[in-house]
Amino acid sequence: MELSDSVTHKNGRQRKPAVPQGDMSDGNRVRNTTPDLEEEGEALLQGSDTENNGHPSVQPGIRGELGNVSLLLFLYVLQGIPLGLAGSIPLILQSKNVSYKDQAFFSFVFWPFSLKLLWAPLVDALYLTRFGRRKSWLVPTQYLLGLFMLYLSVIVDTLLKSDEGQGPDVITLTAVFFMLAFLAATQDIAVDGWALTMLSRENVGYASTCNSVGQTAGYFLGNVLFLALESADFCNKYLRAEPKETGIVTLSDFLFFWGVVFLVSTTLVAIMKKENARGQHGKKKVREETQSVMETYKLLVSIIKMPAVFTFCSLLLTAKMGFSAADAVTGLKLVEAGVPKEQLALLAVPMVPLQVLLPLIISKYTAGPRPLDVFYKAFPFRLLIGLGYAVLVWWTPSLKQDGGFPLYYYAIVLFSYALHQVALYSMYVACMAFHAKVSDPVIGGTYMTLLNTVTNLGGNWPSTLALWMVDPLTSKECQGAAGQNCGSPEETGVSGRVCLHGRELPDNFTIVLS
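Residues numbered from 1 in each chain as written. Predicted model: local features only at pLDDT ≥ 70, side-chain atom pairs only at ≥ 80, totals over all residues. Heavy atoms only, no water.

An unreviewed UniProt entry annotates the chain as Acetyl-coenzyme A transporter 1 originating from Salmo trutta. Database annotation for the chain, UniProt heading Subunit (unreviewed entry): "Homodimerizes." Turning to the chain, the UniProt annotation filed under Subcellular location (unreviewed entry) states: "Endoplasmic reticulum membrane". (UniProt positions renumbered as here; feature names shortened; annotations may be inferred.)

Here you go:
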């Protein structure tokens, strides 16, 4: 029931350094020229983890930088909010009987995180020195996010409302949430780059923890919590003494609240937080080289041309083809089979501690010189879990009862989801650890963004293709109206009664999916 790999695979991780091998370049030295390709190729395979004086870095502890860690954690939480909201829309659309073609079209909302490489060099190269290299992008981007969420709170109910004979306005919904995701992706680039200099080199590894925990918490708030509070059934059953027809909050209310939070918090960051050049105890932090836009793009091209990088990117672009359909379609198929969307969302609640602990546990096995070994070992297990999801989708309709689904069914779904999370995070943490090991901090977020956006793209294009192919590959047999086609929402109807070509059919008319 993983809604989208794009919701959980975002930023890079800095892992415990491996022992350098061979003649390596200094990863912390500021270079005035484009890195040599051969030297960078060696860095891709071996990494560089020494200080400027040639001695291994010493871990002084994080106590002196708790304020910076807290700020990074908060920024990643804010980043997860719009992603969680975007992830909840497919479930809402599915409950309104939109086609899988519409779902595939809406899946383009998550593509900005796969395309941010196109404008990441701009974020690295253009800024106001006096205001701060990262704040120059972070502050206006978060202001735009807040304003855009306030605007969306006014129009979203109209876009989701199903008029007679028409469903939600999927095209406009996709456009507005795409813009929201675009702004979140730009904020992501700025935060990723700022994390490299906000924390000292000794403590930069904590950025990965902030990333994982913050995005998980933000996605939880924007997806699971929202779907639960928006559901009238859930609120009436667990939170209210007197039943009502609506939930405690609406999507417009939720968007308005977080729009205000974005505006207020961004103002505080702009006024109170400065981009300092020195860390705790007066130690200099990692400096980033300032380059022009064209130099940054040329450097990006030179990185892509490296044989090792090109081969690795090819792997990332194709690795998720085997389980993309299971990840993208399973949750929607369960909603189509009658599983309440809020119940599916609540199944993610027990997964939160697992999602927080898994990166910490798995990082022990990815901190060595071969972090991708974990990726390779988890790959076949994730393929098997995808087959299990297919069996679950086939089995679900036969278990539906008048009162819903039995408790043991949800236990099986939860167990399947937990296995999926273990395999997913094993591959995710391994990739991020490898990315952090080979990324050069001299060019800020560009190197990391290249690898992470290719990873996201490798998950998004197979998912979009899988959603697009669901309707053509699904056959629908109409019983009680021989010879009639039941392939579109207009023909099967979007209300309680089933209508075909404008003619209401009897109550015993059924549609059999195969």
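Description of the overall build of the chain
Looking only at helices and strands, the chain features 20 helices and four strands. A separation of at least 24 residues holds for 81% of the contacts in the chain among residues at least 6 apart in sequence. Only carbon and sulfur atoms are counted for the fraction: they give 63% of the accessible area of the chain, which is about 23,200 Å². (Helix = DSSP H or I, 4+ residues; strand = E, 2+ residues; numbered from the N terminus. Contact = heavy atoms within 4.5 Å. Areas by Shrake-Rupley, 256 points an atom, 1.4 Å probe, with all protein chains shown as cover.)

Section: the nonpolar core
Residues L85, M149, L173, F177, L251 and Y409 are the most contacted members of the largest nonpolar core, which totals 51 residues. Sorting elements by how many residues they give to this core places helix α3 (residues 66-95) first, with eight residues. Setting aside residues up to four positions removed in sequence, L173 forms contacts with L93, F106, V156, L159, L160 and P168. (Core = buried A, V, L, I, M, F, W, Y, C linked by side-chain atoms within 4.5 Å. Buried < 20%, exposed > 50% of the residue type's maximum accessible area, 1.4 Å probe, protein only.)

Some points on the pattern of salt bridges
Enumeration according to the criterion identifies four salt bridges in this entry. Two residues, D188 and K116, come together in a salt bridge whose shortest N-O distance is 2.1 Å. Note that D188 is positioned in helix α8 (residues 170-198) and K116 in the loop between α5 (112-115) and α6 (120-125), a separation of 72 residues in sequence. For the pair shown, D188 and K116 are each scored as buried. We note a salt bridge from R382 to D327, for which the minimum N-O separation is 2.6 Å. Placement of R382 in helix α17 (residues 372-395) and of D327 in helix α14 (residues 324-336) is noted, with a sequence separation of 55 residues between them. Neither residue differs from the other here; R382 and D327 are each classed as buried. (Salt bridge = Lys/Arg side-chain N within 4 Å of Asp/Glu carboxyl O.)

Comments concerning the side chain of S426
Structurally, S426 is set in helix α18 (residues 407-438). Judged by relative accessible area, which is 11%, S426 ranks as buried.

Considering α8
With 29 residues, α8 extends 40 Å between its outermost C-alpha atoms, agreeing within 8% with the 42 Å of an ideal straight helix rising 1.5 Å per residue. Across the 29 residues that make up α8, a large majority, 23, are buried. (Expected span 1.5 Å × (residues − 1).)

Comments concerning helix α10 (residues 232-239)
When we look at burial in α10, the residues that qualify are A232, F234 and C235. All buried residues of α10 project into a common sector of 160° when viewed along the axis, lining one side. Every exposed residue of α10 that faces more than 90 degrees away from the buried side is listed here: D233 and K237. N-capping of α10 is provided by S231, with a side-chain oxygen placed 3.5 Å from the backbone N of D233. (Arc of directions from axis to C-beta. Polar contact = N/O pair within 3.5 Å; in protein donor to acceptor, adjacent residues only side chain to side chain.)

Here we look at a nonpolar patch on the surface
Nonpolar side chains collect at one region of the surface, where F105, I171, L465, W468, M469 and L473 lie side by side and expose about 580 Å² of accessible area between them. If one sorts the elements of the nonpolar patch by residue count, helix α19 (residues 445-473) sits on top with four residues. Secondary-structure assignment places W468 in helix α19. By relative accessible area, W468 is classed as partly exposed at 31%. (Patch = residues over 30% accessible without salt bridge, like charges linked within 9 Å, V, L, I, M, F, W, Y side chains within 5 Å.)

Description of the packing of aromatic side chains
Applying the stated criterion to the full structure yields 19 aromatic pairs. Residues F375 and Y376 carry aromatic rings whose centres are separated by 5.9 Å and whose planes lie at 85° to one another, so their mutual orientation is edge-to-face. Accessibility expressed as a relative area gives 5% for F375, which makes it buried. Classification of Y376 by relative accessible area gives partly exposed; the value is 46%. A ring pair is formed by F375 and F379, whose centres lie 6.4 Å apart and whose planes are at 40°; its orientation type is tilted. Remark: F379 and F375 occur in helix α17; sequence separation between them is four residues, near one turn of the helix. Linked through ring pairs, F105, F108, W111 and W468 together constitute an aromatic cluster. The ring of F131 is capped by K135, whose NZ or CZ atom sits 4.8 Å from the centre of that ring. (Phe/Tyr/Trp six-rings, centres within 6.5 Å; stacked < 30°, edge-to-face > 60°. Lys NZ or Arg CZ within 6 Å of the ring centre and 35° of its normal.)

Thoughts on the packing of α14 against α17
Where α14 contacts α17, the two axes come as close as 10 Å, and the packing angle between them is 20°. In this view, α14 runs roughly parallel relative to α17, as classed from their interaxial angle. Crossing angle aside, the handedness with which α14 passes α17 is left-handed. For the pair formed by α14 and α17, the contact residues are A326, D327, T330, K333 and L334 on the first element and R382, G386, Y389, L392 and V393 on the second. Partitioned by chemical class, the residues of the contact of α14 with α17 number five nonpolar, two polar and three charged. (Axes fitted to C-alpha atoms, helices over the stretch in contact; angles between N-to-C directions. Parallel < 35°, antiparallel > 145°, perpendicular 65-115°, else oblique. Left-handed = near helix turned anticlockwise from the far one by under 90°. Nonpolar A, V, L, I, M, F, W, Y, C, P; charged D, E, K, R; others polar.)

What about the environment of L299?
When you line up the elements, L299 lands in helix α12 (residues 293-305). A relative accessible area of 3% means that L299 is categorised as buried. As a C-alpha pair, L299 and Y447 span 148 residues in sequence and 9.2 Å in three-dimensional space.

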